[in-house]
Amino acid sequence: MALYEETLTSRAFQLIMLLPIVAMFSGLYATYRAGEGFLVMLATTLAVSALLLDVMAIRIEIDDRELRIRGLLGLVVRKTVKIENIAEFEVREGWMSCSGAIHFTLPGKACVVIRQRKGWTVSFTTNNPEELAGVLTSLGVPRGA
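What counts and how
Residues numbered from 1 in each chain as written. Predicted model: local features only at pLDDT ≥ 70, side-chain atom pairs only at ≥ 80, totals over all residues. Heavy atoms only, no water. Helix = DSSP H or I, 4+ residues; strand = E, 2+ residues; numbered from the N terminus. Contact = heavy atoms within 4.5 Å. Polar contact = N/O pair within 3.5 Å; in protein donor to acceptor, adjacent residues only side chain to side chain. Pairing = 2+ DSSP bridges. Axes fitted to C-alpha atoms, helices over the stretch in contact; angles between N-to-C directions. Buried < 20%, exposed > 50% of the residue type's maximum accessible area, 1.4 Å probe, protein only. Salt bridge = Lys/Arg side-chain N within 4 Å of Asp/Glu carboxyl O. Core = buried A, V, L, I, M, F, W, Y, C linked by side-chain atoms within 4.5 Å. Expected span 1.5 Å × (residues − 1).

Participant: Summarise the environment of Tyr4; cite the residues concerned and give the values.
Facilitator: Residue position: Tyr4 is located in strand β1 (residues 4-9). Along the chain, Tyr4 and Val55 lie 51 residues apart, while their C-alpha atoms are 21 Å from each other. Residues contacting Tyr4, with those up to four places away along its chain left out, are Ile60, Glu61, Ile62, Thr126, Asn128, Glu131, Leu132 and Val135. Of note is the side chain of Tyr4, whose polar atom sits 3.4 Å from the side chain of Thr126.

Participant: Can you tell me about the sheet that holds strand β2 (residues 57-62), naming the residues and giving the values?
Facilitator: Pairing between the strands of a sheet is mediated by backbone hydrogen bonds and can be parallel or antiparallel. Taken together, the four strands give an open sheet; going across it, the order is β1-β2-β3-β4, and neighbouring strands pair in antiparallel fashion. With one partner strand each, in any of the chains shown, β1 and β4 (78-82) form the two edges of the open sheet. Strand-to-strand twist in this sheet, taken as the mean axis angle between neighbours without regard to direction, amounts to 10°. Direction of pairing for β1 relative to β2: antiparallel, over a ladder of six bridges. For Glu6, the partnering residue across the bridge sits in β2 and is Ile60.

Participant: A description of the pairing of β2 should follow, citing residues and the corresponding values.
Facilitator: For β2, a buried count of five out of six residues is recorded, marking the element as mostly surrounded by other parts of the structure. By the bridge criterion, five bridges tie β2 to strand β3 (residues 66-71) in an arrangement that is antiparallel. Residue pairing for β3: Ile58 is matched across the bridge by Gly71. Between β2 and β3, which follow one another and run antiparallel, lie three residues.

Participant: Kindly report on the pattern of salt bridges, identifying the contributing residues and their values.
Facilitator: Counted under the stated rule, the structure contains ten salt bridges. Between Arg59 and Glu61 there is a salt bridge; the shortest N-O distance is 3.3 Å. With a relative accessible area of 30%, Arg59 lands in the partly exposed category. The closest approach of N and O atoms between Glu130 and Arg143, which form a salt bridge, is 3.5 Å. In this pair, Glu130 is assigned in helix α3 (residues 129-138) and Arg143 in the segment after α3, connecting sequence segments 13 residues apart. Beyond isolated ion pairs, a larger network of salt bridges with shared partners links Arg59, Glu61, Asp63, Arg65, Glu66, Arg68 and Lys82.

Participant: Give me the sheet that holds strand β7 (residues 110-116): which residues, what numbers.
Facilitator: The strand order across the open sheet built from four strands is β5-β7-β8-β6, with neighbouring strands paired in mixed fashion. The sheet terminates laterally at β5 (86-93) and β6 (102-104), the two strands that pair on one side only. Neighbour to neighbour, the strand axes of the sheet diverge by 15° on average, direction disregarded. The sheet contact formed by β7 and strand β8 (residues 122-126) spans five bridges and is antiparallel.

Participant: Can you break down the nonpolar core residue by residue, with the values?
Facilitator: Ranked by internal contacts, the top residues of the largest apolar core, which has 26 residues, are Ile62, Phe89, Phe104, Ile114, Phe124, Leu132 and Leu136. Per element, the largest residue contribution to this core is four residues, and it comes from α3.

Participant: Go over helix α2 (residues 38-54) with me, naming the residues and quoting the values.
Facilitator: One full turn of an α-helix is made of 3.6 residues, so residues set three or four places apart face in the same direction. Look at α2: 24 Å from first C-alpha to last across 17 residues, which is about the 24 Å you get at 1.5 Å a residue. Looking at α2, one finds that the buried residues are Met41, Thr45, Ser49, Leu52 and Asp54.

Everything listed is a geometric property; what it means functionally is a separate question.
Here you go:
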């Protein structure tokens, strides 16, 4: 059972990402009408569309064992951090104030940096920083500076 769940989206970013998807589908239609290269364009359109759909949202879930960050489809945007592997976390104001070796960002109120005992630093944006911090603290994860 999830102790914390949040899906972060940006309407402006979604509209920007829809433009290449529409362009790819119009190119697919053009290759169909031309009778050449349809299968190549179909495979390319499906792959690019799946990639772009995946980055349109960030889903954050925390349960008693792990923190999971996923994209809309969970194909490319995908990271799991075990709670016992988190050395500390830090909450910063503003969605552009964090950087980590692995960074997931969309416009939001704040960002969170997760320092792992073993592995790279992970950072992501959130619209509910204090609620997220409360859940991590209740799981015994220390809050850093």
